[in-house]
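# Coordinates in review
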Amino acid sequence: MSILKQIVGIDISMNTFNARFGTTDTKQDCVLSSDQSYTNALSGFKQLLKWATKSIVSADIPILFVMEATGVYYQQLAYFLVENKCSVAVVLPNKIKNYCKSLSSKSKTDPLDAAAITRFGLERQLTHWTPPTETLKALHTLSREYHALKSTITEIKNQRHALVSSFEPLASTLKRKGHLITMLEKQARQIEQELHDRVESDVNLSQRVENICTVKGLGFMTVVSVLAETQCFQHVTKRKQLASYAGYDVVFNDSGMKKGKTSISKKGNKFLRNAVFMPALAACRYNPQLKEFYNRLVAKGKNKKLALIAVARKLLLLIYTLWKNNSVYDPNY
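Report on the accompanying structure. No experiment lies behind these values; they were computed from the predicted model shown. (Residues numbered from 1 in each chain as written. Predicted model: local features only at pLDDT ≥ 70, side-chain atom pairs only at ≥ 80, totals over all residues. Heavy atoms only, no water.)

### Topic: the layout of surface pockets
Approximately 1,800 Å³ is the volume found for the largest pocket. Taken together, 45 residues line the largest pocket, and the ones lying closest to its centre are A69, V90, L92, Y245 and N269. The set of elements that each furnish at least two residues to the lining of the largest pocket consists of α2 (75-83), β6 (87-91), α3 (93-101), α5 (134-165), α8 (220-230), α9 (239-246) and α10 (270-286). Broken down by element, the lining of the largest pocket gets its largest block of residues, 5 residues, from α5. Grouping the constituent residues of the lining of the largest pocket by class yields 18 nonpolar, 18 polar and 9 charged. (1 Å grid on protein atoms, 1.4 Å probe; cavity = no way out; pocket = protein on both sides within 12 Å on 5 of 7 lines; lining within 4 Å. Points joined across faces, edges and corners; volume = space filled by probe spheres on them. Helix = DSSP H or I, 4+ residues; strand = E, 2+ residues; numbered from the N terminus. Nonpolar A, V, L, I, M, F, W, Y, C, P; charged D, E, K, R; others polar.)

### Details of α2
Of all the residues in α2, the buried ones are L77, A78, F80 and L81. Each buried residue of α2 lies within a common arc of 160 degrees when the element is viewed along its axis, so the set occupies one face. The exposed residues of α2 that point more than 90 degrees off its buried face are Q76 and E83. Looking at the packing, one finds that the buried side of α2 touches β1 (3-12), β2 (16-25), α1 (42-55), β5 (63-68) and β6. Immediately beyond the C-terminal end of α2, within one or two residues, lies K85, with a positive phi of roughly 65 degrees. (Buried < 20%, exposed > 50% of the residue type's maximum accessible area, 1.4 Å probe, protein only. Arc of directions from axis to C-beta. Contact = heavy atoms within 4.5 Å.)

Written as structure tokens, this is what we have:
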């Protein structure tokens, strides 16, 4: 029986990872190897590659290494495999979790998870993972650091406001919180400046960001955050795919006579949704086209929050369209 696919499924954690080699043939029969455990370090990576090479059943069929996007713990192994000319697929954890529910096993262990990931890779057509460029990797790290800082600043400001409103607040505490806010705001400005410098160092990227910023309501940080989270839409081929990745896809709740409310899934990249939510508020006030779109939805009886989410979704798709076409915003389009 001829082999169709060869997969190495990897369940990875901070210190170790488990791997299984699996094959499927023209009768869709899956055969899995015994579990292998390695340290999540360079020595373990080399041992994995040596074991996988020895496990090859058909030299004509390429091996695909499949792993979960487990925090940052998968990154070193993924980069190592790509550097050694191996094909890698990185899958979102929720997809593996939902797939595991369809299997007969009721237990959860690392070897069983590795087996489930291997079966998932054998049954599905997966997109190959490619590492981001040095610039995009830096933009991703810096943009997330920036938004984390801004969130912390807001939290401390709220704490300080509550203290000021309390009875006889302690002056030393207020002073420390004031100093902390000043320090964090300075760091946020430094990060934003570093982002500007990195974008401006790439002429093509700088021009495209400038084009997208012609949309009223969209600023530099919003655009850079979206580009960083999507690797400049590297794997996005259509608008619906982007909406789904951000969790802006519509979920219906109808069954038989029941007609439930529709909503967005929110099962996607929350950083993308957060990046365009506040700009949507500004767009509803200052962008004539999006303001008209928002008012039209409200006039139809839509909830104001749902109308705002629709504007945020439209902003995200607009960024994608302008990036793809490499053009400025035309309000009369």
